[in-house]
Structure formats: structure tokens, C-alpha cells
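Observations on the three-dimensional arrangement
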Amino acid sequence: KLQPKADNSNNDDNCYICINGGDLLCCDFCDKSFHLECHIPPIVQIPTGKWKCMECSAVERRKRSRCGECKACLSPDCGKCMFCLDKPKFGGKYTLKKPCKMRECLYLNYAAMVPMSVACRSATPINKKA
């Protein structure tokens, strides 16, 4: 289990996602910093207490996330495999609860994936966490 750091003095001065500086939220468990809207998922308000970023909280996840950008993720359901035929839109009862065989992500990851198309859209300054 990860332990919080003693202080945030060694956190990055640039956002881990967009690589821009500015008002950043610092992870209490690693050296990464984020704009609230760049973090995956975006953070609506500054958290209270010790905060774990998406990378640090990933070690506690049991389910892996799809990347959303590989060829498989962007493909439509084939409508023919046993997983598609199990889906209600193809007349199934959704008992298998699995994605189409043609849509098996090539880059599954325990951390929330950051699509290359995501750009930081920092519009409102947010104070850097002390």
C-alpha cells in the first residue's frame, strides 16, 4: 500500500498530462502534478486531506480500462461473435457482459488511460495546493 509523502516540495512544476505549468494539484503520494481539468477523471473541486492521483490510485484498481483510441476500441461491434449475440441490441440477454471479440482493446491498463486527443483546457486559475 502506498504511503503519503512527507511534503509536496518535490512535485513537478508542470502538469503530468499537458506538460504546461500553472495552478496545479499535487499528488500526496508521488511527484506528479495536474491541472484539475487535465486529471482523468477531471477534478471538480480541490480535494481535502491526502489526495492520490490517477496513477497512484491505479495500483488499487482491480478492473482494467480500455484506451479508447486503438483500432479495436474504435471498431463497431461485429454483431456475430458470441459476446455481440449476447447483447440486447442483437437480441441477447446480456448474461456474458463482455465486449465484442473484435473490440478487445490492445492497450488495457489499470490506470485510467489518457487519450492523445485530450488537451488541457485550463480556463480558470486554481490555487496550487500547499
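Preceding block: the structure.
For clarity, every value in this text was computed on a predicted model and none was experimentally measured. All chains use their own residue numbering, which begins from 1 and follows the written sequence. Since the coordinates come from a predicted model, pLDDT governs what is reported: local features require at least 70, and pairs of side-chain atoms require 80 or more to be given and counted, while whole-chain, interface and lining totals use all residues. Note that water and hydrogens are dropped before the side-chain values are worked out from all heavy atoms of the structure.

All right, on to the overall build of the protein then. Secondary structure follows DSSP: runs of H or I at least 4 residues long count as helices, runs of E at least 2 residues long count as strands, and numbering of each begins at the N terminus. Along the protein, the regular secondary structure elements total three helices and two strands. Beginning at the N terminus, the succession of helices and strands in the protein can be written as β-β-α-α-α. Only protein chains enter the area calculation, which uses a 1.4 Å probe; residues under 20% of their type maximum are buried, those over 50% are exposed, and those in between are partly exposed. Every one of the 130 residues in the protein was classed for burial, and the buried ones make up 37%. Contacts in the protein between residues at least 24 apart in sequence constitute 47% of all its contacts with a sequence separation of at least 6. Working definition of accessibility: Shrake-Rupley area with a 1.4 Å probe, residue cover restricted to the visible protein chains. With an accessible surface of roughly 8,700 Å², the protein has 54% of that area assigned to carbon and sulfur atoms. By the convention used here, residues are in contact when the closest approach between their heavy atoms is within 4.5 Å.

Generally speaking, soluble globular proteins have nonpolar side chains that are buried together. The set of buried Ala, Val, Leu, Ile, Met, Phe, Trp, Tyr and Cys residues whose side-chain atoms join them within 4.5 Å is what this entry labels a nonpolar core. Ranked by internal contacts, the top residues of the largest apolar core, which has 17 residues, are C15, I17, C27, F34, W51, C53 and C56. Residues C70, A72, C73 and C105 belong to the second largest nonpolar core, which totals five residues.

Each salt bridge in this description consists of a side-chain nitrogen of Lys or Arg and a carboxyl oxygen of Asp or Glu lying within 4 Å of one another. Within this structure, the stated rule accounts for four salt bridges. The salt bridge involving D77 is made with K89; its shortest N-O contact spans 2.8 Å. Of the two residues, D77 sits in the loop between α2 (71–74) and α3 (82–85) while K89 sits in the segment after α3, which places them 12 residues apart along the sequence. For D77, a relative accessible area of 16% translates into the label buried. Given a relative accessible area of 60%, K89 falls into the exposed group. As a salt-bridge pair, R103 and D77 come within 3.8 Å of each other at their nearest N and O atoms. Within this pair, whereas R103 is found in the segment after α3, its partner D77 is found in the loop between α2 and α3, the two being separated by 26 residues in sequence.

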